[in-house]
Amino acid sequence: MVILGAGIVGAACARELAHAGFDVTVLDRAGAAGATTAHGEGNILVSDKEPGPELQLAQLSRDLWPRTLESVAAGPLGPTAAARAEWAAKGGIVVATTAAGADALHAFADRQRTAGVRAEPLTRAQLAHAEPHITAEHTAAVHYPDDAQVQPAAAATVLLADARAAGARVHTCQEVRSAVVHGGRLTAVRTDTGRHEAEVFLDAAGPWSAELSARLGVFLGVHPRRGEVLVTTPLPPTVFHKVYDADYVDAVGSGDGTLQTSAVVESTAAGTVLIGSSRRRVGFDDRLRPEVLSAVAAKAVRLFPALARVPAMRAYGGFRPYVTDHLPVIGPDPRLPGLWHATGHEGAGIGLSLGTAHLLRTLLLDETPPLDPTPFRVDRPAVTEVTEGSATPERSANRPDMRTGAPGSGGLLEGAKPQRETEGRQRLHLTVDGAPVQGTQGQTLAATLLAAGRTSWRRTTTSAPRGLFCAIGTCFDCLVTVNGEPDVRACRRRAADGDVLTSQSRSTNTGQRPAPDRDRPRGGAR
């Protein structure tokens, strides 16, 4: 089994299938959990889904998350590794601020209760107790006790590490260039560094699934849908649940390509508050738009007026894998035997990942599935009908590299060669805390450490483990000492042959200044 993509869905599938006895190899074009997963909020929701197949998949996944982390804790990685996922079963609260919104919210909750969702109406007093800083200008509120949250990149890394412990292999900086097809069956893929053969190939490339599938010879109707998030400076306890306005459900279900915004507000373990959300169809244009952030902030302040006085520390955005019928794509591709898909989860990939992996395993092993897989099949119109501007096999030959923008190859024939030949890429030899670690030329130190199964290399004042967090050089979680130089951000420094890395802690830091600590309030926080 070769899994193409090391985001949360690919990681969940790798773990599930490795534990089921599959010989699993995971390939990612960049770094593990470095794209859509790293740009999410970590939501595991049942509150935003109408009764139907997606809600059933969400309920399955919600049941699996705590059980999976308990299994990780009981396994060779131990409870410390499982805790890095930052599982928080804090529940969600949906708030309406108009009379029409209240009617719609109560009707929606009534439908969900028929499907087994716990949806509890809150009185004004109950809402004020649950969220003391919420606006007084609300008309209705419903509590969803089963909503939860994880730190998305950390959770994906935990799943990948457990997959590795079960025998899976993870290779980063491996962009798929073309397919090898024999007798009408996909038998191998070519990457930047060589050829990988398998019986089954799983497309778990998220928003890039359409381009990946085109390189393999089939069309897939998965499109990028852009979203942005604001992050505040660390605050005292301010938001205690995932709180969003009733408009959020409509925004999620909208097929409109223009800007859709709604207020989604939640805190993190670090004390920051994440503020979303937006949805718009702009291809892979990754520019942050001030007008989008402004619209998102305005709706959040309407829910939590006190946020108007809180500085925004940073903003980030990412791409969701969107299918026009709002259902993921899970299962075999009848057009190309050997190719399977697990993609199209839009903004629910974190929450749906474990259920997707479980469903996929039952289909691969011809076991009784936990729910009807038919709605997620590949050969449905929303997935197979070509739309204008979509990635197709014919266009992929001249499309740019998904990572670098360089011209692509896209050839589908046995003898095809990528234009950018990197099979001779240098192997690097590093030492990490006295142990030898191999890397690949071009990788950052963080990517090298993650590929080697090391998820943390710094300790806080409370001895809490820290590793990669923002992955863009904004925070200081990934600090490491390199060749005697302290406070090096591992996500920014390229690995070099012979590098000697030493883990840091607040007590052992020897730099001119103490290493910034995410657990220590900064700025105006008290």
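Residues numbered from 1 in each chain as written. Predicted model: local features only at pLDDT ≥ 70, side-chain atom pairs only at ≥ 80, totals over all residues. Heavy atoms only, no water.

A.B. asks: Mind showing me how you'd approach the state of the cysteines here?
C.D. replies: A covalent bond between the sulfur atoms of two cysteines is what we call a disulfide. All chains considered together, the criterion is met by zero disulfides. The cysteine C475 is free of any disulfide, with C470 supplying the nearest cysteine sulfur at 3.6 Å. (Disulfide = S-S within 2.5 Å.)

A.B. asks: Teacher, can you tell me more about the environment of I330 here?
C.D. replies: Inspection of the secondary structure assignment puts I330 in strand 18 (residues 329–332). I330 gets classed as buried once you look at its relative accessible area, which sits at 2%. Taking the C-alpha atoms as reference points, I330 and L360, separated by 30 residues in sequence, lie 7.0 Å from one another. Not counting chain neighbours up to four residues away, the residues in contact with I330 comprise L57, H341, H345, T356, L359, L360, F376 and R377. (Helix = DSSP H or I, 4+ residues; strand = E, 2+ residues; numbered from the N terminus. Buried < 20%, exposed > 50% of the residue type's maximum accessible area, 1.4 Å probe, protein only. Contact = heavy atoms within 4.5 Å.)

A.B. asks: Any chance you could explain the pattern of salt bridges here in plain terms?
C.D. replies: Note on pairing: side chains with opposite charge can pair once their charged atoms come close. Applying the stated rule across the entire model yields 25 salt bridges. One salt bridge connects R113 with D110, and the closest N-O pair in it is separated by 2.4 Å. With a gap of three residues between them, R113 and D110 both fall in helix 4 (residues 99–114), about one helical turn apart. What makes D110 partly exposed here is its relative accessible area of 43%. Among the ionic contacts, a cluster of salt bridges with common partners joins E16, R361 and E367. (Salt bridge = Lys/Arg side-chain N within 4 Å of Asp/Glu carboxyl O.)

A.B. asks: Which parts of the structure should I look at to understand the pairing of strand 21 (residues 435–440)?
C.D. replies: With six bridges joining them, strand 20 (residues 427–432) and strand 21 adopt antiparallel strand pairing. Among the inter-strand pairings, L430 is bridged to a residue of strand 21, identified as V437. Hairpin connection from strand 20 to strand 21: two residues lie between these consecutive antiparallel strands, with D433 at a positive phi of about 50°. (Pairing = 2+ DSSP bridges.)

A.B. asks: How should I be thinking about the sheet that holds strand 20 in this particular structure?
C.D. replies: Sheet strands pair by backbone hydrogen bonding; their relative direction is either parallel or antiparallel. The five strands are arranged 21-20-26-24-25 in an open sheet whose pairing can be described as mixed. Here the strands that pair on one side only, and so sit at the sheet edges, are strand 21 and strand 25 (485–489). Taking the axes of each pair of neighbouring strands and ignoring which way they run, one obtains an average angle of 40° across the sheet. (Axes fitted to C-alpha atoms, helices over the stretch in contact; angles between N-to-C directions.)

A.B. asks: Can you help me understand the nonpolar core in this one?
C.D. replies: For soluble globular proteins, nonpolar side chains are generally found buried alongside one another. In this structure, I3, V24 and W65 are the most contacted members of the largest nonpolar core, which totals 69 residues. Looking at this core, the elements that each hand over two or more residues are helix 1 (8–19), helix 2 (53–74), strand 4 (92–96), helix 4, strand 6 (140–144), helix 6 (152–165), strand 19 (339–343) and helix 10 (349–364). The contacts of W65, once residues within four sequence positions are left out, are I8, I44, W87, V150, A155, L159, I350, G351, S353 and L354. In this structure, I134, L230, A263 and F304 belong to the second largest nonpolar core, which totals 21 residues. (Core = buried A, V, L, I, M, F, W, Y, C linked by side-chain atoms within 4.5 Å.)

A.B. asks: I keep staring at helix 6 and nothing clicks. Help me out?
C.D. replies: Three or four residues apart is the spacing at which side chains of an α-helix point the same way, because the helix has 3.6 residues per turn. In this model helix 6 runs 20 Å from its N-terminal to its C-terminal C-alpha over 14 residues, within 8% of the 20 Å that 1.5 Å per residue would give. Within helix 6, twelve of the 14 residues are buried, which leaves the element mostly enclosed by the surrounding structure. The set of residues buried in helix 6 consists of P152, A153, A154, A155, A156, T157, V158, L159, L160, A161, D162 and A163. Sitting at the amino-terminal end of helix 6 is Q151, which places a side-chain oxygen 3.1 Å from the backbone nitrogen of A153. Of the residues flanking the end of helix 6, it is G167, one or two places downstream, whose phi is positive at about 110°. (Expected span 1.5 Å × (residues − 1). Polar contact = N/O pair within 3.5 Å; in protein donor to acceptor, adjacent residues only side chain to side chain.)

A.B. asks: Help me understand the packing of aromatic side chains, please; the structure alone is not making it clear to me.
C.D. replies: The geometry of an aromatic ring pair is captured by two quantities: the separation of the ring centres and the angle between the planes. For the structure shown, the criterion picks out two aromatic pairs. Between W208 and F284, the aromatic rings sit 5.4 Å apart at their centres with planes inclined by 15°, giving stacked as the arrangement. Within this pair, whereas W208 is found in the loop between strand 12 (201–203) and helix 7 (209–216), its partner F284 is found in the loop between strand 16 (273–279) and helix 9 (290–303), the two being separated by 76 residues in sequence. Assessed through its relative accessible area of 14%, W208 is described here as buried. Measuring from centroid to centroid gives 5.2 Å for F284 and F319, while their planes differ by 65°, and the two rings are edge-to-face. Taken together, the residues span a long stretch of sequence, with F284 in the loop between strand 16 and helix 9 and F319 in strand 17 (residues 312–322) at a distance of 35 residues. Ring pairs connect the aromatic residues W208, F284 and F319, which therefore count as one cluster. (Phe/Tyr/Trp six-rings, centres within 6.5 Å; stacked < 30°, edge-to-face > 60°.)

A.B. asks: Even after reading the chapter, I still don't get the side chain of Q151, so can you show me in this structure?
C.D. replies: Inspection of the secondary structure puts Q151 in the loop between strand 7 (148–149) and helix 6. At 3.1 Å, the side chain of Q151 forms a polar contact with the backbone nitrogen of A153. A distance of 2.7 Å separates a polar atom in the side chain of Q151 from the backbone nitrogen of A154. For Q151, the contacting residues outside a window of four places in its chain are A85, E86 and F469.

So yeah, pure geometry; function would need other evidence.
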